[in-house]
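What follows is each chain in one-letter form.
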Amino acid sequence: MRMSAIHPDGFTLIEVIVVLVLLGMISALALPNMLTLYQSVAARTQVDQFRADFNRLGELAADDGAGFELRSDVGRLNLADFEYPLTLQEDWVVELRQPVTFLANGACLGGHLRIFVNDEVLLDQRLEAPRCWLHGD
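Only a predicted model underlies this, so the values are computations on that prediction, with no experimental measurement involved. (Residues numbered from 1 in each chain as written. Predicted model: local features only at pLDDT ≥ 70, side-chain atom pairs only at ≥ 80, totals over all residues. Heavy atoms only, no water.)

Right, let's get into the state of the cysteines. Applying the stated criterion across every chain yields a total of 1 disulfide. Here Cys-108 pairs with Cys-132 through a disulfide, and the sulfurs are 2.0 Å apart. On the S-S bond that ties Cys-108 to Cys-132, the torsion sits near -75°, and the link is left-handed. One end of the pair, Cys-108, is in the loop between strand S5 (100–102) and strand S6 (111–117); the other, Cys-132, is in the segment after strand S7 (120–127), with 24 residues separating them in the sequence. The buried category is assigned to Cys-132, whose relative accessible area is 0%. (Disulfide = S-S within 2.5 Å. Helix = DSSP H or I, 4+ residues; strand = E, 2+ residues; numbered from the N terminus. Buried < 20%, exposed > 50% of the residue type's maximum accessible area, 1.4 Å probe, protein only.)

Structure (structure tokens):
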């Protein structure tokens, strides 16, 4: 039996190399976008966790029957003596235009909260009395 040169079985080395080069080029274009997408989802998840924690503060104040005040010292929330859970990332800068006061009945007196990361605004929202809820996008 003779092998026909016109119809060889399998792929030539050149065909395999061309396919591998094409796959490499597609991967080089897609991977940076995947990294950006992952970072965006991670940041949004962190903001959503902060929002959920913040929205529980009035309820926690009412449960304890004691009011408290959130203050922003030098661009960061002062949580040293803060006993309620509030998830903040290391690179976040949280700005409050004025202290945010939660009363013992769970009501809040209002305010304005902004979160920055590397001069990019992650969250910028006015806190409306009496609930001061941070709403999703």
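We now examine the nonpolar core. If you look at the biggest cluster of nonpolar residues, it comprises 26 residues, and the most contacted ones within it are Phe-50, Phe-54, Leu-57, Leu-70, Phe-102 and Leu-113. Filtering out sequence-adjacent residues up to four positions away, Phe-50 remains in contact with Leu-86, Thr-87, Leu-88, Trp-92, Leu-113, Ile-115, Leu-123 and Leu-134. (Core = buried A, V, L, I, M, F, W, Y, C linked by side-chain atoms within 4.5 Å. Contact = heavy atoms within 4.5 Å.)

One pass over the full model with this rule turns up 5 salt bridges. Residues Arg-71 and Glu-69 are paired through a salt bridge, measuring 2.8 Å at the closest nitrogen-oxygen approach. Take Arg-71: its relative accessible area is 43%, and that puts it in the partly exposed class. With a shortest N-O distance of 3.3 Å, Glu-128 and Arg-126 are connected by a salt bridge. Take Glu-128: its relative accessible area is 44%, and that puts it in the partly exposed class. Using a relative accessible area of 56% as the deciding quantity, one classes Arg-126 as exposed. Connected through shared salt-bridge partners, Glu-95, Arg-114 and Asp-124 make up one network. (Salt bridge = Lys/Arg side-chain N within 4 Å of Asp/Glu carboxyl O.)

Within the sequence span of helix H2 (residues 57–64), burial applies to Leu-57, Gly-58, Leu-60 and Ala-61. All buried residues of H2 fall inside an arc of 165° around its axis, so they share one side. Structurally, H2 contributes buried residues whose contacts are with helix H1 (13–55), strand S1 (68–70) and S5. Downstream of H2 by a residue or two, Gly-65 has a phi angle that is positive, lying close to 70°. (Arc of directions from axis to C-beta.)

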